[in-house]
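# Survey of secondary and tertiary structure
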Amino acid sequence: MKKLLLVLTIICPYISLAQKLSPAELARCKAQVQRVTIIRDNWGVPHIYGKTNADAVFGLMYAQCEENFKGIERNYLYQLGKQATVDGESSLYQDIQLQLIADSTEAIKEYQTSPLWFRKLMDAFADGINYYLYKHPQVKPMVLHHFKPWYALMFTDGSVAATITGGITLNETKQFYSGADARYGRIKTIKPVNTEDVDGHVFGIEIGSNGFAISPKRSATGHAMLYINPHVPFYFRSEVQISSEEGLNAYGAVTWGQFFIYQGFNAHCGWMHTSSYADVADAYAEKVTHQNGKWYYEYDGKQLPVTERDLLIDRKNGDKIETVKIKGYYTHHGPVLGSRDGKWLALKANNRSYKALLESWLITKANTYIQYVKAMDLLSNATNNTVYADDKGNTVFWYGNYMPKRDPKVEWTLPVDGTTKATEWQGLHPLKEIVTVMNPAGGWIQNCNATPFTAAGKDSPDPSKYPAYMAPNGQNYRQINAQKLLDTKDKLTLDDLTALGYDRYLTAFDALLPPLLKAYNTSSDTALLSRLRQPIYLLTHWDRCSDVASIATTVAIEYSTAMFALLPKPTTTEAGTYQTDRVDQLLKELKPQQLLDILDNTITTLNKRHGNWMVTWGSINRYQRPADGMSFDDSQPSVPAASVASVFGQLPSFVTRGGNGTKKRYGYSGNSFIAAVEFGPKVKAKSLITGGQSFKAGCPLFTDQAQMYLDGKFKDVLFYKEDVLKNVWQRYHPGQTKHQYTNKGDCLDD
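Reading the values: rules and limits
Residues numbered from 1 in each chain as written. Predicted model: local features only at pLDDT ≥ 70, side-chain atom pairs only at ≥ 80, totals over all residues. Heavy atoms only, no water. Helix = DSSP H or I, 4+ residues; strand = E, 2+ residues; numbered from the N terminus. Rg over C-alpha atoms; globule rule 2.2 N^0.38 Å. Buried < 20%, exposed > 50% of the residue type's maximum accessible area, 1.4 Å probe, protein only. Areas by Shrake-Rupley, 256 points an atom, 1.4 Å probe, with all protein chains shown as cover. Lys, Arg positive; Asp, Glu negative; His and termini not counted. Charge placed at Lys NZ, Arg CZ, Asp CG, Glu CD. Contact = heavy atoms within 4.5 Å. Polar contact = N/O pair within 3.5 Å; in protein donor to acceptor, adjacent residues only side chain to side chain. Core = buried A, V, L, I, M, F, W, Y, C linked by side-chain atoms within 4.5 Å. Phe/Tyr/Trp six-rings, centres within 6.5 Å; stacked < 30°, edge-to-face > 60°. Lys NZ or Arg CZ within 6 Å of the ring centre and 35° of its normal. Pairing = 2+ DSSP bridges. Axes fitted to C-alpha atoms, helices over the stretch in contact; angles between N-to-C directions. 1 Å grid on protein atoms, 1.4 Å probe; cavity = no way out; pocket = protein on both sides within 12 Å on 5 of 7 lines; lining within 4 Å. Points joined across faces, edges and corners; volume = space filled by probe spheres on them. Nonpolar A, V, L, I, M, F, W, Y, C, P; charged D, E, K, R; others polar. Parallel < 35°, antiparallel > 145°, perpendicular 65-115°, else oblique. Expected span 1.5 Å × (residues − 1). Salt bridge = Lys/Arg side-chain N within 4 Å of Asp/Glu carboxyl O.

### A word on the overall build of the protein chain
Along the protein chain, the regular secondary structure elements total 19 helices and 31 strands. Rg of the C-alpha trace for the protein chain: 26 Å, near the compact-globule value of 27 Å for 750 residues, within the 12% margin. If you line up the protein chain on its principal axes, its C-alpha atoms span 80 × 75 × 55 Å. Every one of the 750 residues in the protein chain was classed for burial, and the buried ones make up 61%. Accessible area of the protein chain: about 29100 Å², with a carbon and sulfur share of 52%. Of the charged side chains in the protein chain, 81 are positive and 74 negative, and the gap between their average positions amounts to 2 Å.

### What about the environment of N68?
Locating N68 in the fold gives a position in helix 2 (residues 53-79). Classification of N68 by relative accessible area gives buried; the value is 10%. Sequence separation between N68 and F695 is 627 residues; the distance between their C-alpha atoms is 6.6 Å. Among all residues touching N68, those that are not within four sequence positions of it are Y235, W256 and F695. Here G71 takes part through its backbone nitrogen, which lies 3.0 Å from a polar atom of the side chain of N68.

### Re the nonpolar core
The biggest cluster of nonpolar side chains holds 148 residues, and the ones touching the most others in it are F125 and F259. Broken down by element, this core gets its largest block of residues, 13 residues, from helix 2. When residues no more than four places from it in sequence are discounted, the contact partners of F125 are V57, M61, Y76, K148, P149, Y151, A152, G257 and F259. Counting 47 residues, the second largest nonpolar core, distinct from the first, contains L513, L529, M563 and V647.

### A closer look at the packing of aromatic side chains
Summed over the entire model, instances satisfying the criterion amount to 48 aromatic pairs. On the basis of an interplanar angle of 40° and a centroid distance of 6.2 Å, the ring pair of Y62 and Y131 is categorised as tilted. Here Y62, found in helix 2, pairs with Y131, found in helix 6 (residues 116-135); they are 69 residues apart in sequence, far enough to count as distant. You'll find Y62 and Y131 in the same group, each marked buried. Arranged with centres 6.4 Å apart and planes meeting at 45°, the rings of F234 and Y623 form a pair that is tilted. With F234 in the loop between strand 5 (225-233) and strand 6 (237-244) and Y623 in strand 23 (residues 621-623), this residue pair connects regions lying 389 residues apart in the sequence. As far as burial versus exposure is concerned, F234 and Y623 are alike and both buried. Over the face of the ring belonging to W43 we find K715, whose NZ or CZ atom lies 6.0 Å from the ring centre. Seen from the ring of Y732, K738 lies directly overhead, with NZ or CZ sitting 4.6 Å from the centre.

### Thoughts on the sheet that holds strand 18 (residues 384-390)
With mixed pairing, 11 strands are arranged side by side in an open sheet as 21-19-18-9-8-7-6-3-2-30-31. The strands lining the two open edges of the sheet, one partner per strand, are strand 21 (436-438) and strand 31 (739-740). Alignment of strand 30 (residues 728-732) against strand 31, held across 2 bridges, turns out to be antiparallel. Paired with R731 across the bridge in strand 31 is H739. Packing against the sheet, helix 2 makes contact with strand 2 (36-41), strand 3 (46-50), strand 6, strand 7 (249-255) and strand 30, and its axis sits at approximately 55° to strand 2.

### Description of the sheet that holds strand 13 (residues 302-305)
The strand order across the open sheet formed by 3 strands is 11-12-13, and the pairing between neighbours is antiparallel. Strands at the two margins of the open sheet, each flanked by one partner only, are strand 11 (288-291) and strand 13. Averaged over all pairs of adjacent strands, the angle between their axes in this sheet comes to 40°, without regard to strand direction. Pairing geometry for strand 12 (residues 294-299) and strand 13, over 4 bridges, is antiparallel. Paired with Y296 across the two strands is P305, which belongs to strand 13.

### Topic: the environment of V435
Examined against the element boundaries, V435 turns out to sit in the loop between strand 20 (416-417) and strand 21. Taking the C-alpha atoms as reference points, V435 and V324, 111 residues apart in sequence, are found 44 Å from one another. Setting aside anything within four residues of it in sequence, one finds V435 in contact with F397, W398, Y399, P452, F453, P461, Y466 and M470.

### Details of empty space enclosed by the protein
Per the stated rule, a full pass over the model turns up 6 cavities of 30 Å³ or more. Size it by volume and the largest cavity reaches roughly 160 Å³. Residue assignment for the lining of the largest cavity shows that the elements contributing at least two residues are strand 9 (269-275) and helix 8 (354-365). No other element matches the 4 residues that helix 8 contributes to the lining of the largest cavity. The residue inventory of the lining of the largest cavity, partitioned by class, reads 8 nonpolar, 10 polar and 2 charged.

### Some thoughts on the packing of helix 1 (residues 23-33) against helix 2
A pair of packed helices is characterised by two quantities: the angle between their axes and the separation of those axes. One can describe the packing of helix 1 onto helix 2 by two numbers: an axis separation of 10 Å at closest approach and a directional angle of 100°. In this view, helix 1 runs roughly perpendicular relative to helix 2, as classed from their interaxial angle. Packed against helix 1, whose contacting residues are C29, Q32 and V33, the element helix 2 presents A54, D55 and F58 at the interface. For the contact of helix 1 with helix 2, the residue count by class is 4 nonpolar, 1 polar and 1 charged.

### Focus: helix 16 (residues 592-610)
Look at helix 16: 27 Å from first C-alpha to last across 19 residues, which is about the 27 Å you get at 1.5 Å a residue. In this structure, the buried side of helix 16 is in contact with helix 12 (508-522), helix 13 (526-540) and helix 14 (551-564). Once helix 16 ends, the next one or two residues include G611, with phi positive near 85°.

### A look at the pattern of salt bridges
For the structure on display, the rule yields 32 salt bridges. The closest approach of N and O atoms between K738 and E66, which form a salt bridge, is 2.6 Å. Taken as a pair, K738 in the loop between strand 30 and strand 31 and E66 in helix 2 lie far apart in primary sequence, 672 residues in all. Since its relative accessible area comes to 18%, K738 is described here as buried. Judged by its relative accessible area of 2%, E66 falls in the buried class.

### Regarding unusual backbone geometry
Here D341, not a glycine, exhibits a phi torsion of approximately 50°, which is positive. Looking at the element boundaries, D341 is found in the loop between strand 16 (334-340) and strand 17 (343-348). Residue D341 is classed as partly exposed on the basis of its relative accessible area, which comes to 48%. Backbone geometry places L379, a non-glycine residue, at a positive phi of 55°. Here L379 shows up in the loop between helix 9 (369-376) and strand 18.

### Quick notes on the pairing of strand 6
Burial analysis of strand 6 places 8 of its 8 residues in the buried class, the great majority of the element. Pairing of strand 3 with strand 6, which is carried by 4 bridges, proceeds in the parallel orientation. Opposite I48, over in strand 6, you have I242 as the bridge partner. Of the strand pairs in this sheet, strand 6 and strand 7 are connected by 7 bridges, and their pairing is antiparallel.

If you want it as structure tokens, here you go:
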């Protein structure tokens with residue numbers, strides 16, 4: 001039987017090519033350079049000033065490349081399905097998924113048919129990167145030696161989980177397209193879920209965020225405020241300001257390789273995106289047959305031909321590149337990504353589109369609530385919720401943006417019947433129909449990746465007024481913490497807001513500790529009681545706040561992590577979001593003796609690992625920034641960190657990784673770019689970024705914000721040009737001589 005995977009005999013050496021620009025490209029870049037000025041302040045933050053919007057985009061991309069070209073290339077290798085060219089077999093099936101999901105042919109057509117003003121932005125995006133490579137021949141791209149303008153249309157969402165698969169897993173794609181199954185992927189399985197564990201245990205990778213909006217009535221100055229706190233892998237975004245003489249002036253976080261401010265603010269309004277669990281993509285179970293050498297699927301009583309498309313994927317094998325040919329399958333619902341219970345699974349989603357990129361850009365340009373809503377009316381952001389505030393005092397929360405209309409009686413969290421019209425989408429919900437909070441009477445809004453039906457306390461939306469697919473997720477401990485804090489705080493200053501955002505109370509232990517303490521107090525096992533007397537004493541008197549000097553924090557985190565490992569895998573991705581319910585159920589099922597045994601094993605493990613269980617949290621929970629960002633080493637300098645992963649209910653997040661030769665745990669994900677903004681007559685803001693702006697080890701800007709970041713001590717944002725000019729490190733046109741005003745050494749790829 002013919003396999004679905006075929007390796008071609010064309011094998012080419014992997015050759016690095018120097019960047020070349022055509023005479024027309026070079027002339028265009030040289031003219032644009034003169035219209036762009038980059039001023040880096042004393043924190044290294046680039047403030048981009050361009051004559052036109054396109055000029056500003058050119059400068060933005062050039063400045064990003066100076067800091068982290070590798071990150072830009074990596075993001076586009078992912079979006080283009082070209083990671084296997086560098087990683088080999090380990091990334092092959094992710095590339096297959098991405099090439100099935102996002103067709104570059106469509107992106108090229110969209111670029112060619114875009115209005116001239118928008119094509120200029122995409123041209124400037126590519127020119128800024130290509131001119132950087134032209135001016136820096138020592139920088140050797142892994143694969144992408146020349147960026148095309150249409151690449152921007154392959155990466156239209158700035159979130160860390162920008163690709164939606166409708167619950168179809170990478171393993172299912174691998175099983176289906178590897179050809180390993182003789183029945184062409186008819187694999188009977190239960191629905192698997194992405195449950196890669198925080199700290200190697202439970203609840204999923206840290207891709208959440210916190211967003212708070214404070215109305216004038218709750219603000220000490222009478223001005224609306226916004227708190228921007230994404231939780232993503234460290235160093236995932238750059239802090240930047242982008243301005244032009246065409247009215248553009250925005251500050252915030254830019255995902256590497258994109259030309260819009262993903263989370264940020266301008267002089268009048270601000271926006272914070274949190275990852276959304278709104279159901280915006282669906283897997284369709286297709287009933288297929290194989291007739292006369294071709295595949296057909298049943299739909300509306302007819303047999304329709306499965307569309308086939310050849311995918312050519314370069315895969316590294318040693319020092320050579322093999323081209324792998326895959327036959328991809330599609331129904332009218334979308335690409336086939338896997339199979340379950342004898343049926344193929346086709347994905348219907350909106351992973352990339354011209355409108356999505358346009359919406360992202362128009363949000364960056366919006367200066368009023370009306371302009372912001374006009375951008376959102378494009379209904380194309382498929383992965384984000386939005387917390388919004390402005391200088392008119394408005395505070396708003398939208399749970400999602402792109403929201404397909406569907407039959408509310410269908411269970412959309414599971415694969416739906418692909419043979420009938422009854423499961424077809426019925427257009428999109430207009431913005432006014434999605435779950436929304438606007439100017440709540442209580443004066444605050446929060447979202448921490450949990451249910452929107454507690455977003456504003458007693459002023460939260462009524463779930464009975466919305467179909468279940470709009471908000472199928474549950475509650476988490478972090479959101480409970482945010483609700484309590486915001487409901488009791490009044491007349492907040494900007495400093496109060498940053499302190500609230502760094503509150504280290506661990507709400508999960510309000511549920512976790514009482515059963516453990518009760519189990520200890522009612523146990524008759526004298527030997528066990530003796531062994532656990534000191535740990536129980538510490539936990540009993542612990543304030544449930546993490547701290548570098550706290551032994552109780554160490555014991556509590558290790559204990560709860562071991563207990564969470566006992567949670568059964570949820571049946572769907574959505575079910576996995578009901579964190580508090582899942583933990584409550586587990587606590588009901590565990591016997592008191594089991595709780596004591598888990599703590600006893602925790603103490604034993606700590607003794608084996610560290611020689612003594614009485615270790616302070618800061619001695620093992622560390623911040624370190626290696627040159628590559630990930631190769632942690634106990635013998636190298638590091639700094640104690642108080643925060644923990646936010647799954648324990650803490651608002652700031654510091655997800656750690658141990659093992660690989662280390663006894664200590666090192667942060668690699670969590671708080672990244674953070675900002676607090678007040679919208680008065682003049683915008684006032686404070687910000688932090690993980691470690692520092694530079695990616696060059698040894699440069700002062702590599703870790704100059706590290707201790708501030710760990711302690712929650714924010715720097716003042718230099719938003720107005722007169723303030724920037726008082727704090728200049730470098731001033732230059734892209735690719736030209738840099739005028740240094742302070743000596744910070746070699747911090748960029750000059």
